[in-house]
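A look at the structure
Here's the letter readout for the chains.
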Amino acid sequence: MEFWFFIEVVLNGMFAGTMYSLIALGFVLIFKASGVFNFAQGFMVLFAALCFVGFMEMGVPMMLALLLAGAIMVAWAFAVERLVLRHLVNQEPIILFMATIGIAFFLEGFGELLWGTDVHPLNVGIPDGAWFVGPDGAIMVQQFDVSAAIIAGGLVAVLAVFFTYTRIGRALRAVADDHQAALSVGIPLNQIWIIVWAVAGLVALVAGIIWGSRLGVQFSLSILALKALPVLILGGFTSVPGAIVGGLIIGVGEKVAEIYLGPYIGGGIEEWFAYVVAMLFLLYRPQGLFGDKIIERV
């Protein structure tokens with residue numbers, strides 16, 4: 001039975017890791033197109049979920065609410081490019097990063113103004129039961145976790161194909177490498193930024209719906225973005241598959257550590273385990289498992 005319990009812990013960790021990966025995907029998209037860590041991604045997850053649940057609470061059918069929330073995130077991408085990014089072309093990465101901090105706090109305040117600060121329960125029909133598998137039902141698997149894993153896997157597959165095999169995807173990689181070089185060969189930087197922020201907004205919407213269905217749509221969702229940072233460090237800031245692998249490592253690692261090490265050191269390992277692993281990676285492999293190693297000659 002101990003073996004099957006270990007398998008259950010690992011599976012639960014894998015499913016939790018896919019939830020972290022959903023948020024990490026948005027960070028990867030922005031970083032691939034601009035080379036800048038988007039501090040606002042967690043707040044985009046929150047804002048998208050607030051719009052979706054807000055429309056549903058107004059009596060809008062779920063599918064129409066989804067389309068409206070998606071349209072808002074696309075419109076948000078246009079607004080960010082027109083009002084912020086267009087004026088920061090070829091600026092230092094730290095300037096773009098500071099701009100995303102300003103965007104984050106604007107989103108938080110604007111979301112609070114529109115939808116209030118209450119916790120909004122969200123039910124989109126994702127099954128919430130459990131399956132019992134293995135010998136004599138020794139392993140319990142939550143149906144919600146399986147559904148979230150399937151959604152995350154589907155998103156990763158679509159985005160991987162998008163970045164690897166499409167013309168826009170290749171242009172995104174070129175922009176990430178060098179803004180000036182991309183402009184010199186005719187790649188429209190402003191259009192690329194609109195596309196990538198729109199896609200990141202749609203990914204944020206999916207992540208917000210999944211996390212909101214589990215925890216309720218509340219302002220603490222934006223704090224979950226901090227869990228995506230260790231995932232990015234492990235997988236690599238420029239790797240879409242790395243976001244999933246990093247999420248799995250973090251999810252499994254923190255669950256196993258909490259169950260098997262927690263009783264000896266007082267518990268609470270899940271709160272800091274991911275950051276310790278990320279720190280070790282920064283020391284020995286700062287580019288992550290799938291990131292590109294950057295060599296600068298001086």
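It should be emphasised that the depicted structure is a prediction, and the values quoted were computed from it without experimental measurement. (Residues numbered from 1 in each chain as written. Predicted model: local features only at pLDDT ≥ 70, side-chain atom pairs only at ≥ 80, totals over all residues. Heavy atoms only, no water.)

On to helix H1 (residues 2-34), then. Between the first and last C-alpha of H1 there are 47 Å, a value that for 33 residues agrees with the 48 Å anticipated at 1.5 Å per step. Gly35 lies just past H1 and shows a positive phi near 70 degrees. (Helix = DSSP H or I, 4+ residues; strand = E, 2+ residues; numbered from the N terminus. Expected span 1.5 Å × (residues − 1).)

We now examine a nonpolar patch on the surface. On the surface, Ile223, Leu226, Leu261, Tyr264, Ile265, Trp272, Tyr275, Val276, Met279, Leu280, Leu283 and Tyr284 cluster together into a nonpolar patch covering about 1,300 Å² of accessible area. The element that contributes the greatest number of residues to the nonpolar patch is helix H12 (residues 269-284), accounting for seven residues. Within the fold, Leu226 resides in helix H9 (residues 225-235). (Patch = residues over 30% accessible without salt bridge, like charges linked within 9 Å, V, L, I, M, F, W, Y side chains within 5 Å. Areas by Shrake-Rupley, 256 points an atom, 1.4 Å probe, with all protein chains shown as cover. Salt bridge = Lys/Arg side-chain N within 4 Å of Asp/Glu carboxyl O.)

This brings us to the pattern of salt bridges. This structure, assessed with the given rule, holds one salt bridge. One salt bridge connects Asp145 with Arg214, and the closest N-O pair in it is separated by 2.1 Å. Of the two residues, Asp145 sits in helix H5 (residues 143-165) while Arg214 sits in helix H8 (residues 189-215), which places them 69 residues apart along the sequence. On the accessibility criterion, Asp145 (6% relative accessible area) is buried. Owing to a relative accessible area of 37%, Arg214 belongs among the partly exposed residues under this scheme. (Buried < 20%, exposed > 50% of the residue type's maximum accessible area, 1.4 Å probe, protein only.)

Attention shifts here to the environment of Arg167. Residue placement: Arg167 occurs in helix H6 (residues 167-177). Residue Arg167 is classed as exposed on the basis of its relative accessible area, which comes to 73%. Taking the C-alpha atoms as reference points, Arg167 and Gly251, separated by 84 residues in sequence, lie 34 Å from one another.

Before going further, it helps to spend a moment on the nonpolar core. If you look at the biggest cluster of nonpolar residues, it comprises 88 residues, and the most contacted ones within it are Ile23, Leu25, Met44, Phe52, Trp76, Val196 and Trp197. The element best represented in this core is H8, accounting for 14 residues. For Ile23, the contacting residues outside a window of four places in its chain are Gln41, Val45, Ala207, Trp211, Leu224, Ala225 and Ala228. (Core = buried A, V, L, I, M, F, W, Y, C linked by side-chain atoms within 4.5 Å. Contact = heavy atoms within 4.5 Å.)

Let us now look at the packing of aromatic side chains. Tallying each qualifying case throughout the model produces 13 aromatic pairs. Taken together, a centroid distance of 5.8 Å and an interplanar angle of 75 degrees make the contact between Phe55 and Trp115 edge-to-face. With a gap of 60 residues between them, Phe55 in helix H2 (residues 41-57) and Trp115 in helix H4 (residues 93-115) connect regions that are remote in the sequence. The same class applies to Phe55 and to Trp115, which are both buried. Through a chain of ring-to-ring contacts, the aromatic side chains of Phe27, Phe31, Phe37, Phe39, Phe43, Phe97, Phe105 and Phe237 assemble into a single cluster. (Phe/Tyr/Trp six-rings, centres within 6.5 Å; stacked < 30°, edge-to-face > 60°.)

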